[in-house]
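The chain contents come next:
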Amino acid sequence: MHDFQYKNETLFCEDVAIPKMAEAVGTPFYLYSTATLTRHFAAFDRAFAGIPHITCFAAKSCANIAILRLFASLGGGADIVSGGELFRARTAGVDPQKIVYSGVGKTADEIREALSAGILMLNVESEQELAMIQTVAADLGVKAPVSFRVNPDVDPKTHAYISTGLAKNKFGIPITEALRVYLAASKLSNITIKGVSCHIGSQLTQVAPFVESLAKVKRFIGQLSEQGISITHLDLGGGLGIRYNAEEPPEPAEYARAIKQELAGLACTLILEPGRVIVGNAGALITKVLYTKEGLKKFIIVDAGMNDLARPSLYDAFHLIQAVERPNREQAVADVVGPICETGDFLARERAMPKVEADDLLAVMSAGAYGFSMSSNYNSRPRVAEVLVHGDAFHVIRTRETYETLIQGESIPEFLVS
Ligand SMILES: *Cc1c(COP(=O)(O)O)cnc(C)c1O
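Residues numbered from 1 in each chain as written. Predicted model: local features only at pLDDT ≥ 70, side-chain atom pairs only at ≥ 80, totals over all residues. Heavy atoms only, no water.

Per an unreviewed UniProt entry, the recorded name for the protein chain is Diaminopimelate decarboxylase, and the organism is Thiovibrio frasassiensis. Of the comments in the UniProt record for the protein chain, the one headed Cofactor (unreviewed entry) reads "pyridoxal 5'-phosphate". (UniProt positions renumbered as here; feature names shortened; annotations may be inferred.)

Encoded structure:
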């Protein structure tokens, strides 16, 4: 359920008509609903009620500081993957003790920043990274709280680019080698072992792979405990899928039930890192039709391109595209394409679309996750505005970039100045 609904043939976000916002901020822009974000976060978090847990929102899915602040105000934390996301999370007021840091390539500077901020734990992905953390922690005179991301070799049955839990993926330490790494870590002076982590992929539409990897991790925690290493935190990552089109992913409650059942008896604080399932359907990309082209094929040319929403081009992902006004008009099959000079620049292909004309607004639905956060300046296009609706009010939470922002930091060296 989300809060993008038609009222008299005009699409609203909560109580604000989308054309009104388009007029005020221009197009394209990302639009998010506070009510949907709040409801999705609460539904997920509540599903784990009764067991100690922290819902650490995966910042990379939608990193705006207003969104991070909203989840922090609801008791959430953040799962970060870079120093930039640490900066965002801290600026947004996320409690450092609710921040976990994942990723295969943390730099020494990023590790230093994370340790100085006093985050809950670093999810370590290799032995060389562990050595680096030991060095940095010793230098700072602190003990680094760590968890190791183990790779359970479980097939998440999702798109190859977002599968992370297979032995052939770059992520984590093979679970078969992890015991040796934990034993080595337990001997390091500036390392405190806190947990075990795993994250097997994104947009999972079945519960079984989560349960399978949890079973493996649980067995592993048993082995650790036999060696005298006790774990206080179990990080299960994110990955729960959403409905873009015809998918039927499990509800958070069903996912939580399966996890809780498999957990039985394990006395750990659970860390959850949901991204997409919270924000995906809470956001839309609003774009305007510039031109239509009729020939061998029909094209609807819009003002948003693959630089604004990469998912269709990158993953061949489906996003429902709705006419913001008069959604019930006659339909025709068309490609919805952007202005970028690449054939791969499309938002939809061979799609039955309402017969729209220049200046009509379209809403590209389910764009809240990995939408703005993956956008770029390709073709020197300023990144778009982000708008957050709250009841009958809307707030620009990121202004549209300008041409000046585009060249910020660039300069022409002396030898080229004649
Ligand atoms: C991307 C990522 C997540 C979030 O994944 P979703 O599919 O958006 O829930 C969580 N944890 C880690 C380590 C990630 O890399």
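Caption draft 1: Structural view of the overall build of the protein chain. For the protein chain, the helix and strand inventory stands at 12 helices and 21 strands. Whereas a compact globule of 418 residues would reach a radius of gyration of roughly 22 Å, the protein chain reaches 23 Å, a difference of no more than 12%. Principal axes of the C-alpha set define a box for the protein chain whose edges measure 70 × 65 × 40 Å. Counting across all 418 residues of the protein chain, residues that qualify as buried make up 54%. Carbon and sulfur atoms form 52% of the exposed surface of the protein chain, whose accessible area is close to 18,300 Å². Charge-centre separation for the protein chain: the mean point of 40 positive side chains lies 4 Å from the mean point of 47 negative side chains. (Helix = DSSP H or I, 4+ residues; strand = E, 2+ residues; numbered from the N terminus. Rg over C-alpha atoms; globule rule 2.2 N^0.38 Å. Buried < 20%, exposed > 50% of the residue type's maximum accessible area, 1.4 Å probe, protein only. Areas by Shrake-Rupley, 256 points an atom, 1.4 Å probe, with all protein chains shown as cover. Lys, Arg positive; Asp, Glu negative; His and termini not counted. Charge placed at Lys NZ, Arg CZ, Asp CG, Glu CD.)

Caption draft 2: Structural context of the UniProt feature "active site" (unreviewed entry) in the protein chain. In the UniProt entry, the feature "active site" (unreviewed entry) is given for Cys341. Structurally, cysteine 341 can be placed in the loop between β17 (331-337) and β18 (346-354).

Caption draft 3: Broad picture of the environment of threonine 192. Positionally, threonine 192 belongs in strand β11 (residues 191-197). Between the alpha carbons of threonine 192 and alanine 144 there is a distance of 5.7 Å; along the sequence they are 48 residues apart. With sequence-adjacent residues up to four places away left out, threonine 192 is seen in contact with Lys143, Ala144, Pro145 and Val146. (Contact = heavy atoms within 4.5 Å.)

Caption draft 4: Examining the sheet that holds strand β3 (residues 16-17) more closely. Across the sheet, 3 strands lie side by side as β1-β2-β3; this open sheet has antiparallel pairing. Every other strand in the sheet has two partners, leaving β1 (4-7) and β3 as the edge strands with one partner each. Taken together, the 4 bridges between β1 and strand β2 (residues 10-13) define a ladder with antiparallel strand orientation. By the bridge assignment for β2, tyrosine 6 is matched with leucine 11. (Pairing = 2+ DSSP bridges.)

Caption draft 5: Inspection of the packing of helix α2 (residues 34-47) against helix α9 (residues 252-263) at higher detail. Look at α2 against α9: their axes get within 8 Å of each other, and the N-to-C directions meet at 20°. The orientation of α2 relative to α9 falls into the category roughly parallel. Of the two possible hands of crossing, α2 and α9 adopt the one that is right-handed. Where α2 approaches α9, its residues Ala43, Phe44 and Ala47 are matched on the opposing element by Pro252, Ala253, Tyr255, Ala256 and Lys260. Class assignment of the residues belonging to the contact of α2 with α9 gives a composition of 7 nonpolar, no polar and 1 charged. (Axes fitted to C-alpha atoms, helices over the stretch in contact; angles between N-to-C directions. Parallel < 35°, antiparallel > 145°, perpendicular 65-115°, else oblique. Left-handed = near helix turned anticlockwise from the far one by under 90°. Nonpolar A, V, L, I, M, F, W, Y, C, P; charged D, E, K, R; others polar.)

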